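So the chains spell out like this:
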Amino acid sequence: MLDNTHADWKSLAAGLSFRDQAFIDGKFIDAVSGKTFDSINPATGAVLTPVAECDEEDVNRAVSAGRVAFEDGRWSRMAPGDRKAVMLNLADLIRENLEEMALLDSLDMGKLVTDAATIDAPGSAHFFQWYAEAIDKVYDEVAPTGPGDLALVSRVPLGVVGAVTPWNFPLDMATWKAAAALAAGNSVVLKPAEQSPLSALRLAELAAEAGVPDGVFNVVPGFGVTAGRALGLHMDVDCLAFTGSTAIGKMFMQYSGQSNLKQVWPETGGKSPNLVFADCEDLDAAADMAAFGIFFNQGEVCSANSRLYVERSIKDAFVEKLIARAQAMQPGDPLDPASKMGAIVDEKQTQGIMRFVDEGKNTANLVTGGERVTVDGKGCFVQPTIFDDVPHDNPLARDEIFGPVLSVIPFDTEEQAVTMANDSIYGLAASVWTDNLSRACRVSDKLMAGTVSVNTVDALSAMTPFGGMKQSGFGRDLSLHSLEKYTALKTTWIKYKA
Ligand code: NAD
Ligand code: MN
């Protein structure tokens with residue numbers, strides 16, 4: 001374990017080697033076309049490594065490898081206790097390689113290495129362990145048919161699961177899909193986001209080392225319009241688990257209809273509201289968490305609390321608290337443990353965020369931040385930014401910006417707050433701050449969101465389902481419910497002489 005100094009992380013990063021090929025049927029191989037794309041570090045602009053650019057042919061190979069493995073039962077029919085042992089090994093291996101896994105995500109997409117080392121990488125190990133432990137504890141059903149008939153209702157794996165994931169939590173998004181799909185006995189073909197493929201490739205290698213058989217866990221790095229689309233349209237993929245934007249989630253539903261009616265589980269965008277009532281006693285805690293809720297991971301969080309509704313009587317005082325917190329969170333080198341915010345994932349995302357910010361300067365009240373900056377003269381960084389008195393119909397209050405930009409909107413009544421909070425195409429998460437128990441329950445009950453956090457933000461655990469309502473999609477990751485996505489109900493009816 002290193003001492004967590006800037007120098008330590010920099011020297012560890014300098015000595016890192018990258019897995020840069022596709023992982024198919026237990027082996028690292030080049031793309032059939034021989035093509036590569038660059039994996040870039042957004043904090044410096046440096047190319048980390050060229051990575052195999054998979055296309056339809058590579059996806060075909062990975063899916064056939066997954067199919068062969070599924071059919072011969074090397075994983076799908078392995079005794080539950082043995083499958084569990086392999087996945088527990090994987091959890092241990094992630095812990096043994098924690099700094100490396102953290103660095104891969106930090107270098108590839110700009111998040112703070114200390115966050116990656118304390119949240120993302122340990123989370124991945126924990127989720128693999130959690131699903132491993134579930135494998136021999138989930139029971140099936142016997143229907144109440146009566147004597148002479150025995151009807152078993154069991155959950156069976158689907159076959160080959162395609163997973164297409166985003167770049168904001170590369171290792172954890174890959175894990176949320178793969179851990180549950182593998183625990184259920186499926187083969188998996190994962191296409192990580194092109195901005196951040198490195199941790200998924202190392203994860204596949206660790207899975208093989210843990211004992212996951214060849215062909216069971218495959219990773220095909222590449223672009224969405226080629227590799228992602230090929231998975232979505234594949235005639236032999238049984239289920240497609242997607243996390244990403246709403247627009248692409250809709251495309252996967254179409255791919256399914258155009259191909260083999262595969263199950264599609266979209267977990268998509270958000271514009272999550274945070275409601276702060278004047279009867280919240282600890283406004284400092286509320287301000288700490290409101291800042292965390294939008295500036296953590298540079299605001300690149302699907303459930304980011306990007307709309308802040310504050311009761312008018314406390315609004316100005318609360319915004320003052322937020323400004324102080326935002327100003328203390330200026331971006332810095334993601335490898336420096338003293339930094340409070342990292343880099344934006346790439347140039348395109350940075351420009352997209354700045355378009356919202358620059359337009360917002362004409363239509364709302366910028367109270368802090370609002371500039372793109374560099375660190376050591378380089379990189380994609382945006383200041384923590386707050387707009388006050390944002391009109392409810394302003395793009396700042398309606399569109400998913402996916403960056404460190406908070407929109408503050410005052411309200412006068414509880415009813416008005418709930419109405420504005422629900423007036424969104426999204427419904428992923430919401431937060432409520434109040435010390436009035438009845439209000440907490442009443443408001444939570446009315447908020448249309450997959451997760452409502454009361455007196456905290458972004459409550460999340462392996463034990464509770466995560467996913468959205470409305471156009472935030474209907475897939476659910478985490479908890480035992482996630483296993484339902486990766487299994488089919490099968491009835492086996494047996495006649496016997498009673
Ligand atoms: P994105 O939708 O652009 O990309 C997500 C994945 O889809 C990537 O792997 C990409 O290569 C692939 N893809 C892109 N175009 C495709 C196409 N035409 N066909 C097939 N695949 C395609 O999203 P992003 O910019 O990577 O991530 C940000 C988005 O993800 C935000 O909207 C955010 O809210 C969402 N997100 C949601 C959750 C959740 O659990 N609900 C979690 C994290 C991120
Ligand atoms: Mn990158």
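Check the entry above for the structure.
The structure contained in this document is the topic of the report that follows.

Notes on the overall build of the protein
Right, on to step 1. For the protein, the count of helices and strands is 16 helices and 25 strands.
Right, on to step 2. At 23 Å, the protein has a C-alpha radius of gyration in line with the 23 Å of a compact globule built from 498 residues.
Right, on to step 3. The principal-axis extents of the C-alpha atoms in the protein amount to approximately 75 × 60 × 45 Å.
Right, on to step 4. Residue pairs at least 24 apart in sequence account for 74% of intrachain contacts in the protein once pairs closer than 6 positions are excluded.

Examining the sheet that holds strand 20 (residues 429-433)
Right, on to step 1. Ordered in space as 14-17-18-13-12-20-21, the seven strands form an open sheet in which the pairing is mixed. What marks the edges here is a single partner per strand, and that holds for strand 14 (365-368) and strand 21 (451-454). Across the sheet, the mean angle from the axis of one strand to that of its neighbour is 25°, orientation sign disregarded.
Right, on to step 2. Judged from the four bridges that link them, strand 12 (residues 273-276) and strand 13 (residues 307-311) form a sheet pairing that is parallel. Paired with Pro 273 across the strands is Arg 307, a residue of strand 13.
Right, on to step 3. Against the sheet, helix 11 (residues 312-327) touches strand 12, strand 13, strand 14, strand 17 (385-388) and strand 18 (405-411), its axis set at about 135° to strand 13.
Right, on to step 4. With respect to the sheet, helix 12 (residues 347-363) is in contact with strand 14, strand 17 and strand 18, its orientation differing from that of strand 17 by roughly 35°.

Examining the pattern of salt bridges
Right, on to step 1. A full pass over the atoms with the stated rule returns 31 salt bridges.
Right, on to step 2. In this structure, the salt-bridge partner of Lys 137 is Asp 136, at a minimum N-O distance of 2.9 Å.
Right, on to step 3. Residues Arg 442 and Glu 414 are paired through a salt bridge, measuring 2.7 Å at the closest nitrogen-oxygen approach. A residue pair is termed long-range when its members are at least 10 positions apart, and Arg 442 in helix 15 (residues 437-446) and Glu 414 in helix 14 (residues 414-422) qualify at 28 residues.
Right, on to step 4. Given the relative accessible area of 37%, Arg 442 is considered partly exposed.
Right, on to step 5. Judged by relative accessible area, which is 14%, Glu 414 ranks as buried.
Right, on to step 6. Each of the salt bridges in this network shares a partner with another, and the network as a whole consists of Arg 19, Glu 100, Arg 202 and Glu 205.

Quick word on the site of ligand 1
Right, on to step 1. As a matter of local geometry, ligand 1 sits amid 31 residues, with Glu 194, Ser 245, Tyr 255, Thr 268 and Glu 400 nearest to it.
Right, on to step 2. Side-chain polar atom of Lys 191 to an oxygen atom of ligand 1: 2.9 Å apart, as the coordinates give it.
Right, on to step 3. Contact between ligand 1 and Tyr 255: a nitrogen atom at 2.8 Å from a side-chain N or O atom of the residue.
Right, on to step 4. Contact with the protein chains covers 91% of the free accessible surface of ligand 1, which is 840 Å².
Right, on to step 5. Those elements that place two or more of their residues in the shell around ligand 1 are helix 8 (224-233), strand 10 (239-243) and helix 9 (246-258).
Right, on to step 6. Here the shell around ligand 1 is composed, by residue class, of 16 nonpolar, 10 polar and five charged.
Right, on to step 7. For the shell around ligand 1, the domains that each give at least three residues are domain 1 (9-268 + 473-491) and domain 2 (273-462).

Points about a nonpolar patch on the surface
Right, on to step 1. A cluster of nonpolar residues, Val 142, Leu 150, Ile 494 and Tyr 496, forms a patch on the protein surface that exposes about 340 Å² of accessible area.
Right, on to step 2. As for its position among the elements, Leu 150 is in strand 6 (residues 149-157).
Right, on to step 3. Residue classification places Leu 150 among the partly exposed positions, given a relative accessible area of 32%.

Regarding the coordination of the manganese ion (ligand 2)
Right, on to step 1. Those protein atoms acting as donors to the manganese ion (ligand 2) are Ile 40 (O), Asp 108 (O), Asp 108 (OD) and Gln 195 (O), and they sit at 2.2 to 2.8 Å.
Right, on to step 2. Mapped onto the polypeptide sequence, the residues donating to the manganese ion (ligand 2) form the spacing pattern I-x67-D-x86-Q. Here Ile 40 is found in strand 3 (residues 36-40), whereas its partner Asp 108 is found in helix 4 (residues 98-109), with 68 residues between them in sequence.

Concerning helix 9
Right, on to step 1. Between its first and last C-alpha atoms helix 9 spans 19 Å; for 13 residues at 1.5 Å apiece the expected length is 18 Å, and the two agree.
Right, on to step 2. Residues Thr 246, Gly 249, Phe 252, Tyr 255 and Ser 256 constitute the buried set of helix 9. End-on, the buried residues of helix 9 take up no more than an arc of 170°, which puts them together on one face. Among the exposed residues of helix 9, those oriented more than 90 degrees off its buried face are Ala 247, Gln 254, Gly 257 and Gln 258.

Re the environment of Met 469
Right, on to step 1. Of note, Met 469 is situated in strand 23 (residues 469-470).
Right, on to step 2. On the accessibility criterion, Met 469 (30% relative accessible area) is partly exposed.
Right, on to step 3. It is 16 Å that separates the C-alpha atoms of Met 469 and His 481, two residues lying 12 residues apart in sequence.
Right, on to step 4. Aside from chain neighbours lying at most four places away, what touches Met 469 is Tyr 426, Gly 427, Met 448, Ala 449, Gly 450 and Arg 476.

Criteria and cut-off values
- Residues numbered from 1 in each chain as written.
- Chains lettered and ligands numbered in written order.
- Predicted model: local features only at pLDDT ≥ 70, side-chain atom pairs only at ≥ 80, totals over all residues.
- Heavy atoms only, no water.
- Helix = DSSP H or I, 4+ residues; strand = E, 2+ residues; numbered from the N terminus.
- Rg over C-alpha atoms; globule rule 2.2 N^0.38 Å.
- Contact = heavy atoms within 4.5 Å.
- Pairing = 2+ DSSP bridges.
- Axes fitted to C-alpha atoms, helices over the stretch in contact; angles between N-to-C directions.
- Salt bridge = Lys/Arg side-chain N within 4 Å of Asp/Glu carboxyl O.
- Buried < 20%, exposed > 50% of the residue type's maximum accessible area, 1.4 Å probe, protein only.
- Near = heavy atom within 4 Å.
- Polar contact = N/O pair within 3.5 Å; in protein donor to acceptor, adjacent residues only side chain to side chain.
- Areas by Shrake-Rupley, 256 points an atom, 1.4 Å probe, with all protein chains shown as cover.
- Nonpolar A, V, L, I, M, F, W, Y, C, P; charged D, E, K, R; others polar.
- Domains from an automatic or database assignment.
- Patch = residues over 30% accessible without salt bridge, like charges linked within 9 Å, V, L, I, M, F, W, Y side chains within 5 Å.
- Donors = N, O, S within 2.8 Å, 3.2 Å for Na, K, Ca; no water.
- Expected span 1.5 Å × (residues − 1).
- Arc of directions from axis to C-beta.

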